[in-house]
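So the chains spell out like this:
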Amino acid sequence: MGKIRAGKSSRRLFSYLKTPLSAALVIAACDSLGLLIGLRQLSRSTLVLVLFLEGGLGLLLGVVISLSSSPSASRVGQTLFGTSPWTRESEKHAEKVGSRWMLASSFLVLLGFLASLV
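*Asks:* Even after reading the chapter, I still don't get the nonpolar core, so can you show me in this structure?
*Replies:* Residues Ala-24, Ala-28, Leu-35, Leu-47, Leu-51, Phe-107 and Leu-108 constitute the largest nonpolar core, which totals seven residues. Looking at this core, the elements with two or more residues in it are helix 1 (2-39), helix 2 (44-67) and helix 4 (88-117). No other element matches helix 1, which puts three residues into this core. Leave out the neighbours within four places in its chain, and Ala-24 touches Ala-104, Phe-107, Leu-108 and Leu-111.

*Asks:* I would appreciate a short explanation of the confidence of the model for the protein in the present structure.
*Replies:* Predicted coordinates in regions of low pLDDT should not be interpreted in detail. Here the protein averages 89 in pLDDT, while 95% of its residues score no lower than 70. Mean pLDDT values for the elements of the protein range from 85 in helix 3 (residues 71-81) up to 95 in helix 2.

*Asks:* How should I be thinking about the layout of surface pockets in this particular structure?
*Replies:* In this approach the atoms are scanned with a rolling probe the size of a water molecule, which exposes any empty space left behind. There is about 190 Å³ of room inside the largest pocket. What lines the largest pocket is simply Thr-19, Pro-20, Ala-23, Ile-27, Glu-54, Gly-58, Arg-100, Trp-101, Ala-104, Ser-105 and Leu-108. Considering every element that reaches the lining of the largest pocket, the biggest residue donor is helix 4, with five residues.

*Asks:* Explain the environment of Ala-115 here, please?
*Replies:* Checked against the element boundaries, Ala-115 lands in helix 4. What makes Ala-115 buried here is its relative accessible area of 16%. C-alpha separation for the pair Ala-115 and Leu-47, spaced 68 residues apart in sequence, amounts to 7.8 Å. In this view, Ala-115 contacts Arg-44 and Val-48; residues no more than four positions away in its chain are not counted.

*Asks:* Please clarify how the pattern of salt bridges should be interpreted in this entry.
*Replies:* Pairing is possible between side chains of opposite charge, provided their charged atoms come close. Counted under the stated rule, the structure contains one salt bridge. A salt bridge links Glu-91 to Arg-88, with the shortest nitrogen-to-oxygen separation between them at 2.7 Å. Of this pair, Glu-91 and Arg-88 both sit in helix 4, three residues apart, which is roughly one turn of the helix.

*Asks:* Would you take a moment to explain unusual backbone geometry for this structure?
*Replies:* Note on backbone geometry: most residues besides glycine have negative phi, and most peptide bonds are trans. Residues other than glycine seldom take positive phi values, yet Arg-40 does so here, at roughly 65°. With respect to the element layout, Arg-40 can be found in the loop between helix 1 and helix 2. Residue class for Arg-40 comes out exposed when judged on its relative accessible area of 69%.

*Asks:* I tried to follow the environment of Ser-72 on my own but got confused; where do I start?
*Replies:* Relative to the helices and strands, Ser-72 resides in helix 3. According to the relative accessible area criterion, Ser-72 is exposed, its value standing at 54%.

Calculation notes
- Residues numbered from 1 in each chain as written.
- Predicted model: local features only at pLDDT ≥ 70, side-chain atom pairs only at ≥ 80, totals over all residues.
- Heavy atoms only, no water.
- Core = buried A, V, L, I, M, F, W, Y, C linked by side-chain atoms within 4.5 Å.
- Buried < 20%, exposed > 50% of the residue type's maximum accessible area, 1.4 Å probe, protein only.
- Helix = DSSP H or I, 4+ residues; strand = E, 2+ residues; numbered from the N terminus.
- Contact = heavy atoms within 4.5 Å.
- pLDDT = per-residue confidence, 0-100.
- 1 Å grid on protein atoms, 1.4 Å probe; cavity = no way out; pocket = protein on both sides within 12 Å on 5 of 7 lines; lining within 4 Å.
- Points joined across faces, edges and corners; volume = space filled by probe spheres on them.
- Salt bridge = Lys/Arg side-chain N within 4 Å of Asp/Glu carboxyl O.

In structure tokens form, the structure reads like this:
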């Protein structure tokens, strides 16, 4: 019975990590291709810096997305911009989207560290 649970949880974890990891790999491949086309060479240090920059920006965006639907931010948006009032469902959705951004960005930073070691 324990093996069945482990299989389900590992499958669930894989399905959760699949999209952010795929996004990070596609971004890293596009960065490599862009540097190769733009600079006519693939500088490892430049690639590492670009991956760190994109990872850091993605982490910041993930936090902003997660916090954008907090009750206080929703109240400010409702007052200033006439947006819809705060709901628990919108906060959960924003946290889910923000966490995926942060996860994909963490993978970009990890890929940057791996590229610096190669």
